[in-house]
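Residue-level listing of the chains:
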Amino acid sequence: MDKLKALYEGKAKTAWETADPNYVVMEFRNDTSAFDGGKTASLARKGLVNSAVDEHVMTALSAAGIETHFERRIDANNVLVKRLQMLPVECVVRNRASGSIVRRLGVEDGATLAPPVFELFLKNDELHDPMINASHCVTFGWASAEQLAEMEALTLQVNAVLAPMFLAAGMILVDYKLEFGLFEGRMVLGDEFSPDGCRLWDATTLRKLDKDVFRQDLGDLVESYQEVATRLGVVLP
Ligand code: CDP
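No experiment lies behind these values; they were computed from the predicted model shown. (Residues numbered from 1 in each chain as written. Predicted model: local features only at pLDDT ≥ 70, side-chain atom pairs only at ≥ 80, totals over all residues. Heavy atoms only, no water.)

Visitor: Could you clarify how one ought to interpret the pattern of salt bridges in this entry?
Guide: Inspection of every chain in the model, using the stated rule, returns 25 salt bridges. Here E90 and K123 are joined by a salt bridge, their closest N and O atoms 3.9 Å apart. Placement of E90 in strand β8 (residues 85–96) and of K123 in the loop between β9 (112–122) and β10 (131–132) is noted, with a sequence separation of 33 residues between them. Here K123 falls in the partly exposed class, since its relative accessible area comes to 36%. Note that D202 and R231 form a salt bridge whose closest N and O atoms lie 2.8 Å from each other. Residue D202 is located in strand β13 (residues 198–202), and its partner R231 is located in helix α6 (residues 221–232); the two are separated by 29 residues in the primary sequence. Among the ionic contacts, a cluster of salt bridges with common partners joins K13, E90, K123, K177, E179, D191 and E192. (Salt bridge = Lys/Arg side-chain N within 4 Å of Asp/Glu carboxyl O. Helix = DSSP H or I, 4+ residues; strand = E, 2+ residues; numbered from the N terminus. Buried < 20%, exposed > 50% of the residue type's maximum accessible area, 1.4 Å probe, protein only.)

Spelled out as structure tokens, the structure:
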């Protein structure tokens, strides 16, 4: 499927229009950014590793009956996805406390959160993705109460599939962010699932294997992402 015109260029991915209005090519670039674009780098192989992990995770979710936008991987850095009407809301699930919840609520870093915490953020770079609640979504028209209920249920279903999957591969799925959109009226999981959008810790040593390696200068980011892929059984070129 040929890439015709860039529809949207994000910090690490570009969405390309195709000849079919119902499908988009999502390109995983090597660009990396953290702190709202305050720290950036281009890292060889990052795009292909993330695209491979995304394919693995989206395939596992589909197999578990969760509808995703993922159709197929086209080549190393490009995947074909359904074109969704995205909702401007980010859904975050936390199995352990880390990152913004620690800063916001003063809870202990690494504390187990049972049941997992579910949070909503507005997708808005200018406002630095502020935390929002269901009432904001309904009043401002970002998502209806029914859509939010569906997104929360799907986000927790994803957790039921992925937390054990990562644990079986020796990793704790600490937290992650999902985005949803509508396809023919159905709520479908969009965006990506890669170490860029989640926290993963080694299950024994708690060593970080995700974008915190880049945020906190803990080592070679792509090596960490490759380790995540290899542990999941993803074969990399
Ligand atoms: O990562 P940070 O401390 O800035 O924020 P967070 O609220 O603790 O993020 C929770 C999880 O969602 C982390 O795994 C982030 O990497 C992910 N996230 C993301 O992928 N994109 C965002 N815009 C915000 C959070």
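Visitor: In this structure, what is going on with helix α4 (residues 145–168)? I would like to understand it.
Guide: Turn by turn, an α-helix covers 3.6 residues, leaving residues three or four places apart pointing in a common direction. Given a rise of 1.5 Å per residue, 24 residues ought to cover 34 Å, and the 35 Å separating the end C-alpha atoms of α4 matches this to within 8%. Taken together, the buried positions of α4 are occupied by L148, M151, L154, T155, V158, N159, L162, M165 and F166. The first or second residue beyond α4 is G170, which carries a positive phi of 80 degrees. (Expected span 1.5 Å × (residues − 1).)

Visitor: Got a minute to help me understand the sheet that holds strand β6 (residues 70–75) in this structure?
Guide: Sheets are built from strands that pair by backbone hydrogen bonding, the pairs being arranged parallel or antiparallel. Strand order in the open sheet formed by five strands is β1-β2-β3-β7-β6, and the pairing between neighbours is antiparallel. Two strands close off the open sheet at either side, each with one partner strand: β1 (5–9) and β6. Recorded for the sheet is a direction-independent mean angle of 30 degrees between the axes of neighbouring strands. Where β6 meets strand β7 (residues 78–82), four bridges bridge the pair, whose relative direction is antiparallel. Within β7, the position partnered with F70 by the bridge is V81. Where helix α1 (residues 46–63) meets the sheet, its contacts fall on β3 (23–28), β6 and β7, and the angle it forms with β6 comes to roughly 150 degrees. (Pairing = 2+ DSSP bridges. Axes fitted to C-alpha atoms, helices over the stretch in contact; angles between N-to-C directions. Contact = heavy atoms within 4.5 Å.)

No statement about biological role is implied by the geometric values presented.
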